[in-house]
Amino acid sequence: VGYQMWGQAISAFVNVQPPLTGHYDQRSTLCLTVSPPHPTFAPAFQRTVLFLMDVSGSMMGSPLQAAQEAVCFGISELQEGDEFGIIFFHHRFSWYRPGATDTERVIFPATKPNVQEAMAYVRGDHELGGTEILEPLQSAVETLVNMGSNGVPYIFLLTDGAVRNEREICRWVREAESLAHSKGTRPPRISTFGIGEYANRYFLMQLATIGRGFHGHALTLGTPLPPPACSPQWRQSNGDCTAEGLPRA
């Protein structure tokens, strides 16, 4: 049997197997196959993407360079109509707010000037401290839920550390999904990326699973992590539903 996987529209096929004569189970079975359209014909969805970037003391050196390049890669891949924001966190956290804009604004359209300015800021120097994930994650989720954006919401967390309140964080993310539904908004998809051997890989995987996102991990960093190392997670939200890496729908 041969057929074309991709076409100009969504296609569906149903194969039905009737029950065998004389078999005790007289129920029929079926197989439903749904194929997405070719990426050329797939409509693009607006995205609102928040990057949570760990700038704690343990990130000094190649881990920080890896995170900077991964975030810059993600920002550079945003399309016209997308929006983005960045949170830098250690034992405190702060939103990216360029000096030339309204200080109350934390989400920005992905225009070329905004992207270039954000990338330059990400590659700059940052205050270093401990690691606290819950508060910046709460701020990111609540911002996306309350803003009522038309964009599909995504959160990308990059960290090299471990925290002591993993259960509390995972519990809060589960509760936040109910909060989003109660307000009639989409709960954001949360993807995680661990850097180095000390990042709590199990926790980050569980957080991504609860957040309906994806997880990646770079165990060793002999040199600064090149942008493609984070690209599988990004591509899953950046294209059609068969892409390998950030889905648009």
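Sequence positions are assigned chain by chain, starting from 1 and proceeding in written order. Only residues with pLDDT of 70 or above have their local features reported here, since the model is predicted, and side-chain atom pairs are shown and tallied only from 80 upward, although totals for entire chains, interfaces and linings are computed over all residues. Side-chain measures here rest on the full set of heavy atoms in the structure, leaving out hydrogens and waters.

Tell me about the overall build of the protein, and name the residues and values.
Across its full length, the protein carries six helices and nine strands. Of all 249 residues assigned to the protein, the portion counted as buried reaches 44%. Summed over all atoms, the accessible surface of the protein reaches about 13,300 Å², with 53% contributed by carbon and sulfur. Labels follow the DSSP assignment, with helices taken as runs of H or I lasting at least four residues and strands as runs of E lasting at least two, numbered in each case from the N terminus. Relative accessible area decides the class of each residue, using a 1.4 Å probe on protein chains only: under 20% of the type maximum gives buried, over 50% gives exposed, and in between gives partly exposed. Per-residue accessibility takes into account occlusion by the displayed protein chains alone, with areas from the Shrake-Rupley method and a 1.4 Å probe.

So what's going on with the layout of surface pockets? Residues and values would help.
Estimated volume of the second largest pocket: approximately 210 Å³. A pocket, in this scheme, is an open set of points on a 1 Å grid over the protein atoms alone with protein on both sides within 12 Å along at least 5 of 7 lines, while a cavity is a set where a 1.4 Å probe fits but cannot get out; residues line either one if an atom lies within 4 Å of a point. Taken together, E166, R167, C170, R171, R174, N200, Y202, F203, Q206 and I210 make up the full set of residues lining the second largest pocket. In terms of residue count, helix α4 (residues 166-182) provides more of the lining of the second largest pocket than any other element does, five residues in total. Side-chain classes follow a simple rule in which Ala, Val, Leu, Ile, Met, Phe, Trp, Tyr, Cys and Pro form the nonpolar group, Asp, Glu, Lys and Arg form the charged group, and the remainder, Gly included, forms the polar group. Split by residue class, the lining of the second largest pocket holds four nonpolar, two polar and four charged. Grid points are joined across faces, edges and corners, and a volume is the space filled by probe spheres set on the points.

Mind laying out the side chain of H217, listing which residues take part and the relevant values?
Within the fold, H217 resides in strand β9 (residues 215-218). Take H217: its relative accessible area is 17%, and that puts it in the buried class. Whenever a nitrogen or oxygen atom comes within 3.5 Å of another N or O atom, the pair is scored as a polar contact, on the condition that within protein one atom can donate a hydrogen and the other can accept it, and that pairs from neighbouring residues in sequence are kept only if both atoms are in side chains. A distance of 2.9 Å separates a polar atom in the side chain of H217 from the backbone oxygen of G196. For H217, the contacting residues outside a window of four places in its chain are F193, G194, I195, G196, A199 and R201. The contact criterion used throughout is that any non-hydrogen atoms of two residues lie within 4.5 Å.

Can you lay out empty space enclosed by the protein for me, pointing to particular residues and giving the numbers?
Quantified by volume, the second largest cavity comes out at close to 70 Å³. Lining the second largest cavity we find V141, V173, A176, E177, P187, P188, I190, I210, G211 and R212. When residues in the lining of the second largest cavity are grouped by element, the largest group, three residues, is from α4.

Tell me about the confidence of the model for the protein, and please be specific about residues and values.
Parts of the model with low pLDDT should not have their predicted coordinates read in detail. Per-residue confidence from the predictor is reported as pLDDT, a score between 0 and 100. Looking at the protein as a whole, its pLDDT mean stands at 81, while 84% of the residues score no less than 70. Confidence over residues 223-229 falls short of pLDDT 50; this stretch has eight contacts with residues more than four positions distant or in other chains.

Requested: an account of the nonpolar core, with residues and values cited.
If you look at soluble globular proteins, the nonpolar side chains tend to sit buried side by side. Among the nonpolar cores identified, the biggest contains 30 residues, and M53, I75, F84, I86 and V122 are the most heavily contacted of them. Contributions of two or more residues to this core are made by β3 (47-54), α1 (62-76), β4 (83-89), α2 (112-122), β7 (152-159) and β8 (189-195). Broken down by element, the residue count for this core peaks at seven residues, all from α1. Ignoring sequence-local partners within four residues, the contact set of F84 consists of V49, L50, L78, Y96, V106, I107, F108, P109, A110, N114, V115 and A118. As used here, the term nonpolar core means buried Ala, Val, Leu, Ile, Met, Phe, Trp, Tyr and Cys residues forming a set that is joined through side-chain atoms within 4.5 Å. Within the second largest apolar cluster, 29 residues are counted, among which are I133, A140, W172 and A180.

Outline the pattern of salt bridges, listing residues and values.
Here a salt bridge means any side-chain nitrogen of Lys or Arg lying within 4 Å of a carboxyl oxygen belonging to Asp or Glu. On inspection of all chains with the given rule, the structure shows four salt bridges. In this structure, the salt-bridge partner of D82 is R47, at a minimum N-O distance of 2.7 Å. Of this pair, D82 sits in the loop between α1 and β4 while R47 sits in strand β3, and the two are 35 residues apart along the sequence. R123 serves as the salt-bridge partner of E69, at 3.0 Å between the closest nitrogen and oxygen. Placement of E69 in helix α1 and of R123 in the loop between α2 and α3 (134-147) is noted, with a sequence separation of 54 residues between them. According to the relative accessible area criterion, R123 is partly exposed, its value standing at 41%.

How would you sum up the packing of aromatic side chains? Please name residues and give values.
The rule is short: rings of Phe, Tyr and Trp, with Trp giving its six-membered ring, pair when the centres are within 6.5 Å, and they are stacked under 30 degrees, edge-to-face over 60, tilted in between. Counted according to the given criterion, the structure contains five aromatic pairs. Ring geometry for F88 against Y121: centres 5.6 Å apart, planes inclined by 50°, an arrangement best described as tilted. Within this pair, whereas F88 is found in strand β4, its partner Y121 is found in helix α2, the two being separated by 33 residues in sequence. One aromatic cluster is present, formed by F84, F88, Y96, F108 and Y121 through successive ring pairs.

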